[in-house]
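Coordinate inspection notes
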Amino acid sequence: MRPQQWQSRGRTLNINGFRIFVVDEGQPDQDTILLIHGFPTASWDWHRIWPALRPSYRVVAMDMLGFGFSDKPGRHRYSIHGQADVVEGVVRQLGLGRFHVLAHDYGDTVAQELLARQNSGEGAGQWQSVCFLNGGLFPETHRALLTQKLLLSPLGPLFNKLSNKRRFDSAMARVFGPDTKPDARELEDFWALVNHNNGKHIFHNLITYMNDRKQHRERWVSAIRDARVPVALINGSLDPVSGAHMVARFRELDLPLAWFGELPRIGHYPQIEAPGEVSGSYLKFLEQL
C-alpha cells in the first residue's frame, strides 16, 4: 500500500488546535488496539500488519504532530509530553475506553509517558496492555546514528537544510536487517511521508526527543516498572540503534515482561521487515491475556 492509498483510508481530527491524521477501522464493540508510530515516518508504517490485526480488533493509528499527513508547524517546540497530549486528544475524541497499545521507536517513548499517566490514574482511557517494538526505552542503550547526532547538534538546522534523499536513504537502510533492506519504492514512500507538507524543514526540531529521553529517564523507566498492565517486547535483534542490547538492558533492570518475541535476523523496523512474525507474535500475546 502506497502512502496516498493509506491517506485515503483516514480522516483529519482537530486536536489541541492542530489537524491530526487518523485511521480508525473496525467496530465499536470490538477490542481496540492503538498504534503509535516512530521517527521519522508515520502511521503508514503499520500498513503491513494492519490486515492481520483488523479482523479481530478495532485498529486506530494516527500521525503525530510533525509527521506524515498531520500538521507540521515550524515554530513549535516539539516534545514527548506534547505528543502524549495529542495521542490522548485522539483517544478522547474517538471515545476509546479500554484498549491495547502497540508502539515503535519514538512512539515507545510517547507510550512510556502515557503509561506513567495511566499508572497515576490521570491517563485518557484505560489500557489493557502495552507492547514495545524496537525503540530507545533507555537513553543509556540508545545508539544514535551520526545523522541523528548532527541533527541534534548546533549544526542541526544547517545539516537539515543540506540533507537530501541519498543521505536519507542511506541512513534508513542502515537500520534494517541485512536480509530485509528496504527497496527503492519503500525508500521513496518513506521520503514522501517526511516531505509531505514541507515536513523536512522541522527534522532538527523533532529530534529533540533524544534530550527528552535523558531528562525524563527515571519517570519513563519507572512507568514500565510500575505498569499496571501486561508489558510485551517484540524486538529485531540486529537493529544497530535499539536491538538485542536494548533487550539485555531491559532484563538487567528486572522490569516486568509478560511476553518477549525475538526476531534474530530483523532490524529496527520489524513491522515492515517481518510483518507476519510481528503480527503472529503480537496476536499470541493478546490471546494469552
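Preceding this section is the structure that the text describes.
Note that this is a predicted model, so its numbers are computed, not measured.

1. As for helix α7 (residues 165–174)
Along α7, the residues that are buried comprise F168, D169, A171 and M172. Seen from one end, α7 has its buried residues packed into an arc of 165°, which puts them on one side. Put simply, N164 is the residue that caps the front of α7, since its side-chain oxygen is 3.2 Å from the backbone nitrogen of R166.

2. Looking at the packing of aromatic side chains
Centre-to-centre distance and the angle between the planes together describe a pair of aromatic rings. Applying the stated criterion to the full structure yields 13 aromatic pairs. Measuring from ring centre to ring centre gives 5.0 Å for W6 and W50, while their planes differ by 90°; the resulting arrangement is edge-to-face. Pair noted here: W6 is in helix α1 (residues 3–8) and W50 is in helix α2 (residues 50–53), with a separation of 44 residues, a long-range link. A residue is classified by how much of its surface remains accessible, and W6, at 1% relative accessible area, is buried.

3. Focus: the side chain of T32
With respect to the helices and strands, the residue T32 is situated in strand β3 (residues 32–36). The exposure class of T32 is buried, given its relative accessible area of 4%.

4. Things to note about the nonpolar core
Core analysis: the largest hydrophobic core is formed by 54 residues, its most contacted members being I36, V110 and W127. For this core, the element with the most residues is helix α3 (residues 80–94), which contributes 7 residues. The residues contacting W127, other than those within four sequence positions of it, are F99, V101, A111, L114, L115, Q118 and V229. Core analysis: the next-biggest nonpolar cluster, separate from the first, contains 42 residues, L35, V59, V241 and L283 among them.

5. Here's the deal with the sheet that holds strand β5 (residues 98–103)
If you trace the 8 strands from one edge of the open sheet to the other, you get β1-β2-β4-β3-β5-β6-β7-β8, paired in mixed fashion. Looking along the sheet, the strands with just one partner apiece sit at the ends: β1 (11–15) and β8 (259–263). Averaged over all neighbouring strand pairs, the angle between strand axes comes to 25°, with direction disregarded. The sheet contact formed by β1 and strand β2 (residues 18–25) spans 5 bridges and is antiparallel.

6. So, unusual backbone geometry
Of note, the bond from F39 into P40 is cis; its omega dihedral lies within 30 degrees of zero at 10°. With respect to the secondary-structure elements, P40 resides in the loop between β3 and α2. A positive phi angle is found at N16, which is not glycine, with a value near 55°. Among the secondary structure elements, N16 is positioned in the loop between β1 and β2. At D254, a position not held by glycine, the phi torsion is positive, near 55°.

7. Digging into helix α14 (residues 275–288)
Across its 14 residues, α14 extends 20 Å between first and last C-alpha, which sits within 8% of the 20 Å expected from 1.5 Å per residue. Within the sequence span of α14, burial applies to V278, S279, S281, Y282, L283, F285 and L286.

8. Here's the deal with the pattern of salt bridges
Overall, the coordinates contain 16 salt bridges when judged by the stated rule. The salt bridge partner of E186 is R48, with a shortest N-O separation of 2.5 Å. Taken together, the positions of E186 in helix α8 (residues 184–195) and R48 in the loop between β3 and α2 put the pair 138 residues apart, joining distant regions of the chain. Owing to a relative accessible area of 11%, E186 belongs among the buried residues under this scheme. In this structure R48 comes out as partly exposed when scored by relative accessible area, which is 36%. The shortest N-O distance in the salt bridge between R117 and D85 comes to 2.9 Å. Of this pair, R117 sits in helix α4 (residues 106–119) while D85 sits in helix α3; the two residues are 32 residues apart in sequence, bridging distant segments of the chain.

9. Focus: empty space enclosed by the protein
Within this structure, the stated rule accounts for 2 cavities of 30 Å³ or more. Counted as a void, the second largest cavity has a volume near 50 Å³. In this structure, the second largest cavity is lined by L34, V87, E88, V91, F99, L114, Q118, A124 and W127. For the lining of the second largest cavity, the elements supplying multiple residues, two or more each, are α3 and α4. Residue contributions to the lining of the second largest cavity peak at 3 residues, all from α3. For the lining of the second largest cavity, the residue count by class is 7 nonpolar, 1 polar and 1 charged.

Rules used throughout
- Residues numbered from 1 in each chain as written.
- Predicted model: local features only at pLDDT ≥ 70, side-chain atom pairs only at ≥ 80, totals over all residues.
- Heavy atoms only, no water.
- Buried < 20%, exposed > 50% of the residue type's maximum accessible area, 1.4 Å probe, protein only.
- Helix = DSSP H or I, 4+ residues; strand = E, 2+ residues; numbered from the N terminus.
- Arc of directions from axis to C-beta.
- Polar contact = N/O pair within 3.5 Å; in protein donor to acceptor, adjacent residues only side chain to side chain.
- Phe/Tyr/Trp six-rings, centres within 6.5 Å; stacked < 30°, edge-to-face > 60°.
- Core = buried A, V, L, I, M, F, W, Y, C linked by side-chain atoms within 4.5 Å.
- Contact = heavy atoms within 4.5 Å.
- Pairing = 2+ DSSP bridges.
- Axes fitted to C-alpha atoms, helices over the stretch in contact; angles between N-to-C directions.
- Expected span 1.5 Å × (residues − 1).
- Salt bridge = Lys/Arg side-chain N within 4 Å of Asp/Glu carboxyl O.
- 1 Å grid on protein atoms, 1.4 Å probe; cavity = no way out; pocket = protein on both sides within 12 Å on 5 of 7 lines; lining within 4 Å.
- Points joined across faces, edges and corners; volume = space filled by probe spheres on them.
- Nonpolar A, V, L, I, M, F, W, Y, C, P; charged D, E, K, R; others polar.

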